[in-house]
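For reference, the chains in residue letters:
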Amino acid sequence: LVDTLMQLPDKTFHLYAGVRDLVYAQSCFMRYKDDESFTLIQCDVTALIPFDIDFHYIIHAASYAGPAAFHNDPVGVMKANILGVDNLLSYGEQHNLRRLLYDSGSLDLASLRACYPAAKRTAETLCIAYAAQFQIETVIARPCHIYGPFYTSKDDRAYAQFIRNVLAGENIILRSSGLQQRSWCYVVDCVFALLYVLLKGKTKNAYNIADVRSNVS
């Protein structure tokens, strides 16, 4: 998303990228360090936002999405979504926020990984509540499983593991039967869908992002 926006030749905006690990983020976005329209800011959405900047559009995509986190840090998974939405919308209410896009996901609550979808479900409702009570525009995007380049070394999702196995000349290891059906979407298509929902979606609405041709096991 950052890379796509930074490729625009006529930037009529300033892009602030909120990150927890500033050193790691600097390595990811080194090519933009001298660009006047880009700023890295260090923050944790589970805490109060320590700035006094008017962010007119906020995209909340700060959430553990790796399977390991569901088992190792389920509390952190839930806080990033629920407290994250609350802190960002509370901040936006005081700083001229025009619209918040919440990056959600599928809502399957009947699983051992329910910390993730349950938190997403609650955060979605919180978005609707803020929109109704404080007249802040909120929209929700529910991407399916996203694939493509630029995944990080920390990504422990199956497809990222498979690609790393192949590049290293290693065997691909299945930790399940491999029969689960997943809906996949290419990362660039997802980025454009997110931007479309941010700018054109109707407030208090949720939008699924998926490619019906890419349902595979």
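See the structure above.
Model, not experiment: these values are computed from the prediction. (Residues numbered from 1 in each chain as written. Predicted model: local features only at pLDDT ≥ 70, side-chain atom pairs only at ≥ 80, totals over all residues. Heavy atoms only, no water.)

## A few points about the nonpolar core
Residues Leu89, Leu100 and Tyr102 are the most contacted members of the largest nonpolar core, which totals 17 residues. Breaking this core down by element, the ones donating at least two residues are helix H4 (74–94), strand S4 (99–103) and helix H5 (115–134). Setting aside chain neighbours within four positions, we find Leu100 in contact with Ile58, Leu88, Leu89, Cys127, Glu137, Thr138 and Val139. Membership of the second largest hydrophobic core comes to 11 residues, among which are Leu101, Val139, Ala141 and Cys144. (Core = buried A, V, L, I, M, F, W, Y, C linked by side-chain atoms within 4.5 Å. Buried < 20%, exposed > 50% of the residue type's maximum accessible area, 1.4 Å probe, protein only. Helix = DSSP H or I, 4+ residues; strand = E, 2+ residues; numbered from the N terminus. Contact = heavy atoms within 4.5 Å.)

## Let's talk about the pairing of strand S1 (residues 15–19)
Alternating positions in S1 separate cleanly, Leu15, Ala17 and Val19 being buried on one face and Tyr16 and Gly18 remaining unburied on the opposite face. Inspection of the sheet shows S1 paired to strand S2 (residues 38–42) by 5 bridges, in the parallel sense. Each bridged residue has a counterpart across the sheet, and for Tyr16 the counterpart in S2 is Thr39. This β-α-β element, S1 to helix H2 (residues 22–28) to S2, shows right-handed connectivity. (Pairing = 2+ DSSP bridges. Right-handed = clockwise from strand over helix to strand, strands pointing away.)

## A few points about the state of the cysteines
All told, the structure shown has 0 disulfides when counted by the stated rule. The thiol of Cys43 is unpaired, and the distance to the nearest cysteine sulfur, on Cys28, comes to 15 Å. On the basis of relative accessible area, Cys43 is assigned to the buried category, the value being 16%. Cys190 forms no disulfide, and the closest cysteine sulfur to it belongs to Cys185, at a distance of 5.4 Å. You can call Cys190 buried: its relative accessible area is 6%. (Disulfide = S-S within 2.5 Å.)

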